[in-house]
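Examining the three-dimensional arrangement
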Amino acid sequence: MSQSVKFTIDDKQVSAPWGSNLLKVARENGFNIPSLCYHHKLSATGACRLCLVKIEGTRGLVASCTVKVDEGMIITAFDDELEQTRKYLLDYLLSEHNDSYDNTYSDELRDLMFRYGLNKPEDRFFKPIWQNLKFQPDKSSPVLTYDPSKCIKCFRCIKACDEVQGKNVLSFTDRGINSYIIAGNGVWGESECDGCGECIQLCPTGAIVEKPNREVIKLDKVARKIITTCPYCGVGCQIELLVQDGKIVRSNGVEGVSPNDGRLCVKGRFGYEFVHSTERLTKPLIKKNGEFIESTWDEALNLIASKFTSIKNEFGADALAGYASAKCTNEDNYIFQKFIRTAFGTNNIDYCTRLCHASTVTAMLKSIGDGAGSNPIEDFETTDCLLIIGNNIIDTHPITATYVKKGATKGQKIIVIDPKWTPIARYASIWLQPKLGTDVALLNGIVHVIITNGWHNINFIKERVEDGMEAFKVLEQLTSKYTPEYVEKITGVDADKIVLAAKLYAKAPTAMIATGMGMSQQVTGTNNVFCLLNMMLITGQVGRERCGIDPPRGQNNVQGATDVGCHPYMLSGYIPISDEKNRRKVADIWGIPFESMPSKPGLTTVEIVKAAHEGKVKGLFIMGENPMLTDPNLNHTEEALRKLDFLVVQDIFHTETTRFADVILPASTWAEKNGTFVNSDRRVLMVRKAVDCPGEAREDWKILHELAKRMGKPMPNYKDESEIFDELAMVTPILAGISHKRIEVHGIQWPCPTSDHPGTSTLYIDKFNTSTGKGKLFPVDYVEQNERVDSEYPFLLNSGRILYHYHSSTMSRKTKALRDFINQSYVLINPIDASKIKVNNGQKVVVRSKRGQLETFIKVSDEVLEGELFMPWHFSESQVNRLTRDELDPYSKIAPFKLSAVRIENPE
Amino acid sequence: MDVTTILKKYPKRRDSVIEILHEIQNHDPQNYLSEESLKKVATHINLPLAQIYGIVGYYSMLSLNPRKKFVIQVCKSPICGMLGSQSIYDAVKVKISARPDSANLFTIEKVECLGQCNQSPCMMINKEIYGNLTPQKIESIIEEIVISEQNAQK
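Residues numbered from 1 in each chain as written. Chains lettered and ligands numbered in written order. Predicted model: local features only at pLDDT ≥ 70, side-chain atom pairs only at ≥ 80, totals over all residues. Heavy atoms only, no water.

1. Focus: the sheet that holds strand β3 (residues 52–55) of chain A
Residue and element names in this part refer to chain A. As a reminder of what qualifies: Pairing between two strands is assigned when DSSP locates at least 2 bridges connecting them. For the purposes of this entry, the term helix denotes a DSSP run of H or I that reaches at least four residues, the term strand denotes a run of E that reaches at least two, and both are numbered from the N terminus.
The five strands are arranged β2-β1-β5-β3-β4 in an open sheet whose pairing can be described as mixed. The two strands at the open ends of the sheet, each matched to only one other strand, are β2 (12–17) and β4 (62–63). Bridge count between β3 and strand β5 (residues 74–76): two bridges; the pairing is antiparallel. Bridged to I55 within β5 is I75.

Put into structure tokens, the structure is as follows:
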């Protein structure tokens, strides 16, 4: 913190840290100096000149937004001359501005116009000239319009795009009074603009406005503004929902609050439309003679209770299983796992985390004792070196990426390791492009280079690694054959690049790892992450601020659902089922006999499907998941679901999975309930109800609560969600100090053991969370993949996500703005391969593996290597998981979504 | 020389953008900067496409539209304006339309100050400055170019 300085504004004594922005400090102290071009997130522009002040000893009037405060400054913020000058300047600005206003956006210029009494043109000195300019509005973008006649060239939008989002799409062209803002090559819809809308949020005059709901929204009719957490990825952005006539009509970023400080991506800003979709489920449905018939809640719940009870009585509790949901709140998931463990009486509970980060979590738990990210999101900007591996961070975690991009502009070294080009490669110091499935070799190579050059940290190894130098020797021995030249042969990555990457990472003062699905969704997923952890531990790039490993979470509450016990081996707070003392404690708090707490570890998602296939699991309760799109080897999943005696799906829409259900229960979206999510940096964040559930749909936990009662295992009558959280906190030591009340404004990062604990921003500072408190090395050898190309299946298919859609796209494809960006499946193929097999851009083809086939469209691109393909898996009409395998990683049971041998057939 | 060859000559630094744009335009048979060229420049310098576009939009000597062999740039600065640049511009237009056989030779533009206020009104044809202009002078300047072009063709 800089030293504090004292100065006066209009005779008032003020103090602030040296070098603070004068305009910001003045406003914080109650001096409402006008300004249009200044925004706290942007560097000062000094374009609008409205924030002029007088500073004693400085000639003339000074734009306060460009001044840093200093000791003893004497500042005049308001006097007649300043106010007259401001009025004159504002008058001048208004002459270039089209005053028409339709009450659909907030307009700072208009507010000032009233404040200075310039609302009537006849009261102004300058005549309007904007009508004579040759401007044309740009309406080509799917999400916004730009009207140059309202633009005062404050450049907030350009700076928002550059400095806040790091996208650099905007600039201005022409000169003088004719200048205007442009995107890309002059047409917004054809530019690189990805629709995040940061420019809309920061535009002070309504020149850039949102397209969706423009015809509907009237700001004076907006009944409520609800601050809540975004329902898409695991960043946990804070959003403000505007509700008009019972519907969400806009979503703004909330300024000044972590993790996003007002920033949003295109999904967070525009992806709310699905809430009001006419396709929402609004009544319970029971399948009768192959058709879904609407029923009452009573009938549906009684049927479910009796069916599950009879399965349990006949085949035992372990013939039942449940899938929790990373989309639901902690409160929902806590009640769900309590329901499965008490009413079902089994630990067969899991959810989609098994499909994404299970391997990461498994490796991290074994090696360093916690499966969660070690750093706060802000560290992505401030660490000296960031290794981004198998992680398309710009598409999948756009707001985390804004921190990375800011870091890059300040000289942060970024190492990208990815077999496919991803946009973050543009910001990288170095990009390593290994062949699919060769990560273990590559990382062992990096470790080898680190050790042979003596870049490892012996003190750290001795003090914080279990068995110290002995364990290190084993790793050194194992990696000795992974010379850069040897690794180059396996991975295709230049030996020089391997050395450089090792050097950048190991020698950086601080370094972080951002690992993603590319590492975890492989047969060797756990081993991949072990290699990363080995590298991190021997270099000591952990245990300090801005150091560590962070797996950004895919879903809004994938962190929270595991935190609160939706796990087959662990109870809430990562306490193993085998811990008898904890089982006793939980049984006590739940008010059930200790003996009835299931003590046998349960099955994981893919194991549940296998058990269903074998007839061992007969009843399944799925809350808000869509395994018929997200599970590997879908043909097998489909057979398994068909074999179930009884399947209940609780969801907001019909999905690929609901077809197989016996009963479908209409549930609620995030906007229809209160509760909490936990984001990727372990921050517990509030979720608040904005609108009512449609029709007879109900909040998820209330459905489970009711069902538990009907199965004879009633839960306490919780008054509201905060009471559920209080119970949850009692059984979850890492969340023990948190309550809804404490996180009213700012989230808290766990572990937070007591109510006066501030939360923990960085993990592992003093010790690791393993039994010994030390980190463990797990040296692993590279093994060639079982799945290989051959003459029949000559390509390796990789799969992943894109910015505009979200997972099984149950939500995102119900939103027009997102569909307008992209709404069709495709397969990326290298130009050389494309000419070899004679396929063209846009051509319809069949992609086939040993497991299944799909139809999609060719997209020729050098983003992929020769011999490799890439497909986004969001599109249900081209189900990528018809092609993938369910051969599991032996440690974490994750499936290898990232690598399948396929061929391309031309249907014409 | 094609765009890629030109780009190879220049360091990947933003201060070389203007020079690069000039050279590409000078080597273009149609004397302008195409969208394709701008994209290549943006990638080479690692600047946003919009910024390159903005630079081209700002400077009147850079053009986003294809142009003819002779680019006539009439100065529209205040001094030239006061001394009759509009009548010069009109005279150029009249003269060119009077010689339909020369329509494929000329593109006319109004540009920012050419820095020749001591000989206002003025214009520039390709790299040559013509000062102290009158409508009569325009007649002979254009005529001369047309004739020399016709001779060169023979």
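Right, picking up where we left off after that structure.
2. Some words on the domain arrangement of chain A
All names here are of chain A. As a reminder of what qualifies: All domain edges in this entry derive from an automatic or database-based domain assignment. Throughout, a contact is declared for two residues whenever any of their heavy atoms are within 4.5 Å. We define a salt bridge as a contact between a side-chain nitrogen of Lys or Arg and a carboxyl oxygen of Asp or Glu at a distance within 4 Å. Definition of a polar contact: a pair of N or O atoms within 3.5 Å, with one able to donate and the other able to accept a hydrogen when the atoms are protein atoms, and with sequence-neighbouring residues admitted only if both atoms are side-chain atoms.
According to the domain assignment, chain A consists of domain 1 (285–356 + 557–749), domain 2 (363–550) and domain 3 (795–905). Placing the centre of domain 2 and that of domain 3 at their C-alpha centroids yields a distance of 27 Å. Between domain 2 and domain 3, the contact holds 24 residues from the first and 25 residues from the second. The partner of K420 in a salt bridge is E863, with the nearest N and O atoms 3.3 Å apart. Where domain 2 meets domain 3, there are six residue pairs in polar contact (both at pLDDT 80 or more). Of all elements in the fold, only α12 (393–396), α19 (517–520) and α20 (525–539) reach the threshold of two or more residues within the side of domain 2 that touches domain 3.

3. A closer look at the sheet that holds strand β33 (residues 853–860) of chain A
Remark on secondary structure: sheet strands pair via backbone hydrogen bonds, oriented parallel or antiparallel. All names here are of chain A. Inclusion rule: All axes are obtained by fitting lines to C-alpha atoms, using only the stretch in contact for helices, and the reported angles, taken between N-to-C directions, cover 0 to 180 degrees.
Overall, mixed pairing links the six strands, which are arranged β30-β34-β31-β33-β32-β35 in a closed barrel. Averaged over all pairs of adjacent strands, the angle between their axes in this sheet comes to 45°, without regard to strand direction. Two strands pair when backbone bridges link them, and strand β30 (residues 795–800) and strand β34 (residues 868–872) are joined in this way by five bridges, in the parallel orientation. Bridging across to β34, L796 finds its partner in E868.

4. Considerations on the packing of helix α17 (residues 484–491) of chain A against helix α18 (residues 495–507) of chain A
Residue and element names in this part refer to chain A. The criterion, for reference: Angles are sorted into four bins: roughly parallel if under 35 degrees, roughly antiparallel if over 145, roughly perpendicular if 65 to 115, and oblique for all others. The hand of a helix crossing depends on one turn: near helix anticlockwise from the far one by less than a right angle means left-handed, and clockwise means right-handed. All amino acids are sorted into three groups, where Ala, Val, Leu, Ile, Met, Phe, Trp, Tyr, Cys and Pro are nonpolar, Asp, Glu, Lys and Arg are charged, and the leftover types, Gly among them, are polar.
It is the contact of α17 with α18, at a shortest axis distance of 8 Å, that shows an interaxial angle of 115°. Taken together, the axes of α17 and α18 are roughly perpendicular relative to one another. Handedness of the α17/α18 crossing: right-handed. Across from P484, E485, V487 and E488 in α17, the residues of α18 making contact are A495, I498 and V499. Residue classes in the contact of α17 with α18 are distributed as five nonpolar, no polar and two charged.

5. What to know about the side chain of S85 of chain B
Inspection of the secondary structure puts S85 of chain B in helix α6 (residues 85–98). When near neighbours in sequence (up to four residues on either side) are disregarded, S85 of chain B contacts V74, C75, K76, C80 and P121 of chain B.

6. As for the domain arrangement of chain B
Domain parsing of chain B yields domain 1 (3–58) and domain 2 (70–153). Distance between the C-alpha centres of domain 1 of chain B and domain 2 of chain B: 27 Å.

7. Let's talk about the packing of aromatic side chains
Residues and elements named next belong to chain A. Convention followed: Side-chain rings of Phe, Tyr and Trp, where Trp is taken by its six-membered ring, are said to pair if the distance between their centres is within 6.5 Å; with planes under 30 degrees apart they count as stacked, over 60 as edge-to-face, and otherwise as tilted. Whether a residue is buried, partly exposed or exposed follows from its accessible area with a 1.4 Å probe, protein chains only, as a fraction of its type maximum: under 20%, in between, or over 50%, in that order. Working rule: Lys NZ or Arg CZ, within 6 Å of ring centre, within 35 degrees of ring normal, means a charge sits over the ring.
The tally for this structure, following the rule as stated, stands at 26 aromatic pairs over all chains. Between Y232 and F274, the aromatic rings sit 6.4 Å apart at their centres with planes inclined by 80°, giving edge-to-face as the arrangement. Linking Y232 in the loop between β10 (224–229) and β11 (238–244) with F274 in the loop between α6 (266–270) and β13 (285–288), this pair joins segments that are 42 residues apart in sequence. For the residue pair Y232 and F274, the accessibility class agrees, reading buried in each case. Relative to Y486, the ring of Y482 has its centre 5.7 Å away and its plane inclined at 65°; by these criteria the two rings are edge-to-face. For Y486, a relative accessible area of 32% translates into the label partly exposed. What links up through ring pairs into an aromatic cluster is the set F308, F336, F339, F344, F621 and F646. Between K618 and the ring centre of F315, over which it is positioned, the NZ or CZ distance is 4.8 Å. Taking the ring centre of F653 as reference, the NZ or CZ of K814 above it sits at 4.0 Å.

8. Observations concerning helix α4 (residues 156–164) of chain A
Residue and element names in this part refer to chain A. Most of α4 is tucked away, with seven of its nine residues classed as buried. For α4, the complete set of buried residues consists of R156, C157, I158, K159, A160, C161 and V164. Close packing links the buried residues of α4 with α3 (108–115), β7 (170–173), β8 (180–183), α5 (198–202), β9 (208–210) and α13 (398–409). Positive phi appears at G166, one or two residues downstream of α4, with a value of about 65°.

9. A look at the environment of C199 of chain A
Relative to the assigned elements, C199 of chain A resides in helix α5. Ignoring anything within four residues of it in the chain, the contact list for C199 of chain A reads L144, C157, A160, L170, W188 and I208 of chain A.

10. Things to note about the pattern of salt bridges
All names here are of chain A. Scanning the entire structure with this criterion turns up 58 salt bridges over all chains. Salt-bridge contacts for R882 lead to E638; the nearest nitrogen and oxygen are separated by 3.4 Å. On the criterion of sequence distance, the pair formed by R882 in the loop between β34 and β35 (900–905) and E638 in helix α25 (residues 634–643) is long-range, its members being 244 residues apart. Given the relative accessible area of 17%, R882 is considered buried. One network of salt bridges, in which partners are shared, links D298, E706, K709 and R710.

11. Topic: helix α2 (residues 80–95) of chain A
Residue and element names in this part refer to chain A. Here is the rule: Here a helix's expected span is defined as the number of its residues, less one, multiplied by 1.5 Å.
The first and last C-alpha atoms of α2 sit 23 Å apart over 16 residues, in line with the 22 Å expected at 1.5 Å per residue. Along its buried surface, α2 packs onto β3, β5 and α3. Here α2 starts with a cap whose side-chain oxygen sits 3.1 Å from the backbone nitrogen of E81, and that cap is D79.

12. Observations concerning the interface of chain B and chain A
Put simply, the test is: Note: buried area is the sum, over both parts, of the accessible area (probe 1.4 Å) each one loses when the two are combined.
Tallying the contact residues gives 13 residues for chain B and 16 residues for chain A. Summed over both sides, the interface between chain B and chain A buries roughly 1200 Å², with carbon and sulfur atoms accounting for 52% of that surface. When the buried area of chain B at its contact with chain A is split by residue, A50, Y53 and Y58 of chain B rank highest and sum to 43% of it. Taken together, the links from chain B to chain A amount to two residue pairs in polar contact (both at pLDDT 80 or more). Counting residues per element, the ones that place at least two in the side of chain B that touches chain A are α3 (35–45) and α4 (49–58) of chain B. Tallying contributions element by element places α4 of chain B first for the side of chain B that touches chain A, with seven residues. For the side of chain B that touches chain A, the per-class residue count stands at seven nonpolar, four polar and two charged.

13. Observations regarding a negative patch on the surface
All names here are of chain A. Stated formally: Patch members must show over 30% relative accessible area and no salt bridge, and they are joined within 9 Å when carrying like charges or within 5 Å when they are nonpolar side chains of Val, Leu, Ile, Met, Phe, Trp or Tyr. For the accessible areas, the method is Shrake-Rupley and the probe is 1.4 Å, while residue cover comes only from the protein chains on display. Positive: Lys, Arg. Negative: Asp, Glu. His and the chain ends are not part of the count. We put the charge of a Lys on NZ, of an Arg on CZ, of an Asp on CG and of a Glu on CD.
A cluster of acidic side chains, namely E485, E488, D494 and D496, defines a negative patch on the protein surface. Topologically, E488 is positioned in helix α17. Here E488 falls in the partly exposed class, since its relative accessible area comes to 33%.

14. Some details on the environment of L64 of chain B
As for its position among the elements, L64 of chain B is in the loop between α4 and β1 (70–75). Once the C-alpha coordinates of L64 of chain B and E35 of chain B are considered, the two residues, 29 residues apart in sequence, prove to be 7.9 Å apart.

15. With respect to a nonpolar patch on the surface
Together, I79, M82 and L83 of chain B give the surface a local cluster of nonpolar side chains, amounting to about 320 Å² of exposed area. Its place among the elements puts M82 of chain B in helix α5 (residues 78–82).

16. Concerning the side chain of E672 of chain A
Residue and element names in this part refer to chain A. Mapped onto the elements, E672 comes out in the loop between β26 (663–666) and β27 (675–678). From its side chain, E672 meets the backbone nitrogen of T669 in a polar contact 2.8 Å long. If near-sequence neighbours (up to four positions away) are discounted, E672 is found in contact with V275, R280, K689, V691, D692, C693, P694 and E699.

17. Topic: the pairing of strand β20 (residues 511–515) of chain A
Residue and element names in this part refer to chain A. Within β20, five of the five residues are buried, which leaves the element mostly enclosed by the surrounding structure. The side-chain alternation of β20 yields two buried faces, one formed by A511, I513 and T515 and the other by M512 and A514. Two strands pair when backbone bridges link them, and strand β17 (residues 385–389) and β20 are joined in this way by five bridges, in the parallel orientation. Within β20, the residue paired with I389 across the bridge is T515. Bridge analysis of β20 against strand β21 (residues 548–550) gives three bridges, and the strand direction is parallel. When the sheet's bridge partners are listed, M512 is paired in β21 with G548.

18. What about the pairing of β17 of chain A?
All names here are of chain A. Counting buried residues in β17 gives five out of five residues, a clear majority hidden from the surface. Burial along β17 is two-sided: the face carrying C385, L387 and I389 and the face carrying L386 and I388 are both buried. Where β17 and strand β18 (residues 413–417) come together, five bridges link them in parallel fashion. Bridging across to β18, I388 finds its partner in V416.

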